Amino acid sequence: QHLLRTWDEFKSDLFSLERDFFPFYWVLRLSRASVRFLLHRTRAHRFLALGRPCIPFFGLSLTLICVSSYYTTFRESVVRMRWCREDEECSWMWLHDLLVPFFGLNIFINYLRCCFESPGFVVEKSELQNMKNHVRDDYTFGGCCCLTSRINLAREHARSEEAFKEHAELEKQMQDADASKGGVKIVYYPSPETTVCKKSGVTRPARAHYCRVLERNVLEYDHHCPWVNNCIGKYNYRYFIQLLSYLIGGCLYGVGLLGAEFYVVMRRHFVTYGFRPLGARYTTGLLDLPPPWALLDQYRSNGRIDDEEVLRMAFPLMAGVGLVLCLIILPHLRLGGLTTVERLGRHDIVGLAVNPYHR
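Residues numbered from 1 in each chain as written. Predicted model: local features only at pLDDT ≥ 70, side-chain atom pairs only at ≥ 80, totals over all residues. Heavy atoms only, no water.

## A word on the nonpolar core
Side chains that are nonpolar tend, in soluble globular proteins, to be buried together.
Thinking step 1. Core analysis: the largest hydrophobic core is formed by 21 residues, its most contacted members being Tyr 70, Phe 74, Leu 257, Leu 258 and Leu 311.
Thinking step 2. Counting only elements with at least two residues in this core, the list comes to helix H4 (55–83), helix H5 (91–116), helix H8 (237–273) and helix H10 (307–333).
Thinking step 3. Per-element accounting of this core gives the leading share, 7 residues, to H8.
Thinking step 4. When sequence neighbours within four positions are dropped, the list of residues in contact with Leu 258 reads Phe 74, Val 78, Leu 311, Ala 314, Phe 315 and Met 318.
Thinking step 5. Formed by 17 residues, the second largest nonpolar core is a distinct cluster that contains Cys 114, Val 228, Leu 244 and Leu 325. (Core = buried A, V, L, I, M, F, W, Y, C linked by side-chain atoms within 4.5 Å. Buried < 20%, exposed > 50% of the residue type's maximum accessible area, 1.4 Å probe, protein only. Helix = DSSP H or I, 4+ residues; strand = E, 2+ residues; numbered from the N terminus. Contact = heavy atoms within 4.5 Å.)

Structure representation (structure tokens):
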């Protein structure tokens, strides 16, 4: 029903003469509706809820594997062999020995902060009173694996009150601006007016939105990121952008470091085995990557995995992740003061609108 309703809204918006049509918005919305339909059709959504806290652990593990592969493989086979004289330390070694932990440490710190830092929740006085009366104080969110963060209701209530005052002042300024222009009504988007959540009934500040995963209203809600198992909002958006930036920087650095060696390895592979789209040895595709059991056999017999195998896995991983993250971060750099959910909801506004939050 959700997929059919979304499809009907898409057709209505496509042929509407009153509204602007945003292709990106509908591609994203139809994709989400299709995935949601498949998950419920296969009943996989039950297992997704159980596995959601483990996704950040998987992301952190990939980062750790990439960092450790430099010290176990690429430091000797790539940096020393290509940029240094044989059996001799050089300045290139020191440079890479500093850059790799620099990117790795910043990725870890910002990743954990995105997982455990509160995005800013809307907390009413009644919830604060329940905490004082020991009715309920088990509000948790985010986290990684079995570790979660507990909501500090007193701090979140103070943040909510601060947001109410901030948006009330801005709303008054907008009203004064309308009055100074002879009563001409200006459409503001996003609106600085206080709203009431239709799902929870909570009175919330402007720009706060309801998260279906955490089942709470989040201040300046951007989106819920499954990779950090947390909402991205007002108070952790900075760490999210920093995480993407360091990940992109680390991936680009890894691609630049391994690119020439990867080209040599793949060229030698094609000369030896010929160009076979399905692979010559493992039939796993053009890169001919070894399956997990082949890697395990290598490690058991040699005590390590072959350097060329590690290179053929690491380079495509970093190149692919870097490309995807570039596509993710670009809309955030072009939003012009809007959050992701506000940008996607812009199609509901007819004509031009002024963004009061754009600086």
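Moving on from the model shown.
## What to know about the packing of aromatic side chains
Thinking step 1. Tallying each qualifying case throughout the model produces 8 aromatic pairs.
Thinking step 2. Measuring from centroid to centroid gives 4.9 Å for Tyr 70 and Tyr 71, while their planes differ by 80 degrees, and the two rings are edge-to-face.
Thinking step 3. With a relative accessible area of 39%, Tyr 71 lands in the partly exposed category.
Thinking step 4. These aromatic residues form a ring-pair network of at least three members: Phe 102, Phe 103, Tyr 246 and Tyr 253.
Thinking step 5. Over the ring of Tyr 235 we find Arg 159, and its NZ or CZ is 3.8 Å from the ring centre. (Phe/Tyr/Trp six-rings, centres within 6.5 Å; stacked < 30°, edge-to-face > 60°. Lys NZ or Arg CZ within 6 Å of the ring centre and 35° of its normal.)

## Brief notes about the side chain of Asn 230
Thinking step 1. Assignment of secondary structure puts Asn 230 in strand S8 (residues 230–232).
Thinking step 2. Using a relative accessible area of 0% as the deciding quantity, one classes Asn 230 as buried.
Thinking step 3. Discounting chain neighbours no more than four positions away, the residues touching Asn 230 are Cys 114, Cys 115, Glu 117, Pro 119, Phe 141, Gly 142, Leu 214, His 223, His 224, Cys 225 and Asn 236.

## Topic: a nonpolar patch on the surface
Thinking step 1. On the surface, Leu 323, Leu 327, Leu 330 and Leu 333 cluster together into a nonpolar patch covering about 440 Å² of accessible area.
Thinking step 2. Here Leu 333 lies in helix H10.
Thinking step 3. For Leu 333, a relative accessible area of 60% corresponds to the exposed category. (Patch = residues over 30% accessible without salt bridge, like charges linked within 9 Å, V, L, I, M, F, W, Y side chains within 5 Å. Areas by Shrake-Rupley, 256 points an atom, 1.4 Å probe, with all protein chains shown as cover. Salt bridge = Lys/Arg side-chain N within 4 Å of Asp/Glu carboxyl O.)

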